[in-house]
Amino acid sequence: MTKKLETQLVQLGNKSDQKTGAVNPPIYLSTAYQHEHLGHSTGYDYTRTINPTREILEKGIADLESGDAGFACSSGMAAIQLVLSLFRSGDELILEEDIYGGTYRLLKQYEDDYGILSTYANFSNSESIEKQITSKTKALFIETPTNPLMVEIDIAKIAQIAKENDLLLIVDNTFLTPYFQQPIEYGAHIVIHSATKYIGGHNDVLAGLVVAKGEALCDILSTKHNSIGAVLSPTDSWLIMRGLKTLHLRMREHQKNAMKISEYLSDEPLVTDVLYPGKGGMLSFRLKESDMVGPFLENLQLISFAESLGGVESFITYPPTQTHGDIPVEERTRRGVCDRLLRFSVGIEDAKDLIADLQHVFTQLKRRFTQNG
Ligand SMILES: Cc1ncc(COP(=O)(O)O)c(C=O)c1O
């Protein structure tokens with residue numbers, strides 16, 4: 001019987017230890033496994049290849065994302081690198097142009113070092129994508145909602161374009177997680193997570209996950225995962241499972257708070273626009289003047305000015321110098337990541353306290369900017 005997502009999350013890894021009946025999965029630290037005789041294996045030989053704790057997480061995330069196999073990596077970037085290892089010199093990828101700056105940076109390096117070319121398109125417009133497809137194009141790569149401008153992309157529509165052109169569709173699902181969105185259900189072939197974010201959920205583990213659909217693709221990724229070796233440690237695998245058990249509860253609260261904060265910011269005269277897709281816990285907004293950004297961040301008392309997202313604590317990030325700092329300034333400005341833009345990972349504190357913190361900051365800004373004329 002297929003269980004509801006909430007039940008799958010809570011029960012992930014439970015009662016997996018037949019020998020002791022331990023409710024929680026054990027952390028297997030052993031890197032090596034003994035063989036009884038030549039040709040014998042328990043199925044576990046060496047921990048980079050397979051580890052019993054990591055394996056539970058990998059099976060769990062594959063089920064949650066409706067894929068056939070999961071791969072736990074040492075960071076979200078290691079997960080992206082694992083996926084990029086599918087491509088070779090001369091291949092081309094088309095990416096949504098509003099994407100995490102670290103992905104942009106890595107792809108730039110792949111282009112310079114290995115001749116794997118990436119071009120960028122506006123994925124809200126099919127023509128913009130189709131125009132860039134060449135005989136060398138191998139994959140489409142998106143985040144939805146886009147990062148940091150929060151535009152929702154129709155995954156099913158993009159999957160159709162991928163299908164017609166025999167391309168892989170790769171979706172970085174870090175922002176919405178399988179709780180809100182399962183891209184494989186809409187036709188994606190590969191899902192990536194920076195599990196450092198909502199999946200871990202507590203700003204205390206660096207991790208990445210890849211889920212793929214299709215036996216051939218999973219086999220290649222499995223080989224590369226082992227040969228590259230940027231796998232997640234057993235303890236961190238366990239911590240990520242611990243995070244997953246409360247994902248549904250956290251995501252609901254993140255979303256509830258984000259809705260309240262987006263309403264509050266929409267009424268604030270010093271905010272020119274609020275970018276919230278109506279789903280999840282991430283939103284961005286623009287202040288009236290770029291000079292206000294520094295004092296805004298300095299005056300926050302409860303919300304942290306920090307570079308990450310998806311933890312229980314609220315973070316505000318400044319994309320131009322942080323997450324998107326490696327995109328050349330003209331390019332990032334053309335893409336809409338202007339100097340007035342802030343990105344808010346709304347936490348699960350009481351929304352009233354978060355709004356009070358923002359109110360306090362805006363009062364300071366009004367005082368300062370009115371006094372200075
Ligand atoms: C959407 C997205 N994908 C991937 C990454 C990379 O993940 P990590 O920092 O875990 O390497 C990040 C990191 O901020 C991200 O925001």
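Data block above holds the structure.
The following refers to the structure shown.

Calculation rules
- Residues numbered from 1 in each chain as written.
- Predicted model: local features only at pLDDT ≥ 70, side-chain atom pairs only at ≥ 80, totals over all residues.
- Heavy atoms only, no water.
- Phe/Tyr/Trp six-rings, centres within 6.5 Å; stacked < 30°, edge-to-face > 60°.
- Helix = DSSP H or I, 4+ residues; strand = E, 2+ residues; numbered from the N terminus.
- Buried < 20%, exposed > 50% of the residue type's maximum accessible area, 1.4 Å probe, protein only.
- Lys NZ or Arg CZ within 6 Å of the ring centre and 35° of its normal.
- 1 Å grid on protein atoms, 1.4 Å probe; cavity = no way out; pocket = protein on both sides within 12 Å on 5 of 7 lines; lining within 4 Å.
- Points joined across faces, edges and corners; volume = space filled by probe spheres on them.
- Nonpolar A, V, L, I, M, F, W, Y, C, P; charged D, E, K, R; others polar.
- Arc of directions from axis to C-beta.
- Polar contact = N/O pair within 3.5 Å; in protein donor to acceptor, adjacent residues only side chain to side chain.
- Axes fitted to C-alpha atoms, helices over the stretch in contact; angles between N-to-C directions.
- Left-handed = near helix turned anticlockwise from the far one by under 90°.
- Contact = heavy atoms within 4.5 Å.
- Pairing = 2+ DSSP bridges.
- Core = buried A, V, L, I, M, F, W, Y, C linked by side-chain atoms within 4.5 Å.
- Parallel < 35°, antiparallel > 145°, perpendicular 65-115°, else oblique.

### Things to note about the packing of aromatic side chains
Okay, step 1: Taken as a whole and judged by the stated rule, the model has seven aromatic pairs.
Okay, step 2: A centroid spacing of 5.6 Å and a plane angle of 40 degrees characterise the contact between Tyr104 and Tyr120, whose relative ring orientation is tilted. Placement of the pair is Tyr104 in helix α4 (residues 101–114) and Tyr120 in strand β3 (residues 117–121), with a sequence separation of 16 residues.
Okay, step 3: Taking relative accessible area as the criterion, Tyr120 reaches 18% and is therefore assigned buried.
Okay, step 4: Members of the aromatic cluster, each reached through a chain of ring pairs, are Tyr264, Phe285, Phe296 and Phe362.
Okay, step 5: Lying across the ring of Tyr120, Arg335 places its NZ or CZ 4.5 Å from the centre.

### Side note on empty space enclosed by the protein
Okay, step 1: Under the defined criterion, the tally for this structure stands at two cavities of 30 Å³ or more.
Okay, step 2: Here the largest cavity defines a volume of roughly 40 Å³.
Okay, step 3: Lining the largest cavity are Cys73, Ala78, Gln81, Leu82, Lys224, His225, Ile228, Gly229 and Ala230.
Okay, step 4: Going through the elements one at a time, α3 (76–84) and α8 (215–228) are the ones with two or more residues in the lining of the largest cavity.
Okay, step 5: Space inside the second largest cavity adds up to approximately 40 Å³.
Okay, step 6: Classifying every residue of the lining of the second largest cavity by side-chain character gives seven nonpolar, two polar and one charged.

### So, helix α6 (residues 155–164)
Okay, step 1: Ile155, Ile158, Ala159, Ile161 and Ala162 are the residues of α6 that are buried. Looking straight down α6, one finds that the buried residues subtend no more than 160 degrees of arc, so they occupy a single side. More than 90 degrees from the buried face of α6, the exposed residues found are Lys163 and Glu164.
Okay, step 2: Where α6 begins, one side-chain oxygen reaches toward the backbone nitrogen of Ala156, 3.2 Å away; that side chain belongs to Asp154.
Okay, step 3: Phi turns positive, to about 55 degrees, at Asp166, one or two residues after α6.

### Some points on the packing of helix α2 (residues 52–64) against helix α9 (residues 234–244)
Okay, step 1: Contact geometry of α2 with α9 gives a least axis separation of 8 Å together with a crossing angle of 35 degrees. The interaxial crossing formed by α2 with α9 has left-handed handedness. Seen from α2, the contacting residues are Thr53, Arg54, Ile56, Leu57 and Leu64; seen from α9, they are Pro234, Ser237, Trp238, Ile240, Met241 and Leu244.
Okay, step 2: Looking at the contact of α2 with α9, its residues break down into eight nonpolar, two polar and one charged.

### Structural notes on the layout of surface pockets
Okay, step 1: When its volume is computed, the largest pocket comes out at roughly 360 Å³.
Okay, step 2: In this structure, the largest pocket is lined by 21 residues; those nearest its centre are Gly76, Met77, Tyr100, Ser194 and Lys197.
Okay, step 3: Of all the secondary-structure elements, those providing two or more residues to the lining of the largest pocket are α3 and β6 (190–194).
Okay, step 4: The residue inventory of the lining of the largest pocket, partitioned by class, reads seven nonpolar, nine polar and five charged.
Okay, step 5: The calculated volume of the second largest pocket comes to roughly 290 Å³.

### A word on the sheet that holds strand β12 (residues 341–345)
Okay, step 1: Pairing is mixed in the open sheet, where five strands are placed in the order β8-β9-β12-β11-β10. Of all strands in the sheet, those bounded by a partner on one side alone are β8 (271–275) and β10 (304–305).
Okay, step 2: Relative to strand β11 (residues 315–317), β10 is paired through two bridges, and the arrangement is parallel. The residue bridging Ser304 from the neighbouring strand is Phe315, located in β11.

### Some remarks on the environment of Thr119
Okay, step 1: Mapped onto the elements, Thr119 comes out in strand β3.
Okay, step 2: Separated by 23 residues in the primary sequence, Thr119 and Glu96 place their C-alpha atoms 8.7 Å from one another.
Okay, step 3: Setting aside anything within four residues of it in sequence, one finds Thr119 in contact with Leu93, Ile94, Leu95 and Gln132.

### A few points about the nonpolar core
Okay, step 1: Counting 33 residues, the largest nonpolar core has Leu57, Leu64, Ile199, Leu209, Ile240 and Leu244 as the members making the most contacts within it.
Okay, step 2: The set of elements that each furnish at least two residues to this core consists of α1 (5–11), α2, β7 (208–212), α9 and α10 (247–266).
Okay, step 3: Of all the elements, α2 adds the most residues to this core, at five residues.
Okay, step 4: In terms of nonpolar packing, the next biggest core, distinct from the first, is built from 31 residues, Leu82, Leu107, Ala139 and Phe141 among them.

### Let's talk about the packing of α3 against α4
Okay, step 1: Between α3 and α4, the least distance of the axes is 11 Å, while the angle of their chain directions is 40 degrees. It follows that α3 is oblique to α4 by the angle criterion. For the crossing formed where α3 meets α4, the hand is right-handed. Listed contacts from α4 to Met77, Ile80, Gln81 and Leu84 of α3 are Gly102, Thr103, Leu106, Leu107 and Tyr110.
Okay, step 2: When grouped by side-chain class, the residues that make up the contact of α3 with α4 number six nonpolar, three polar and no charged.

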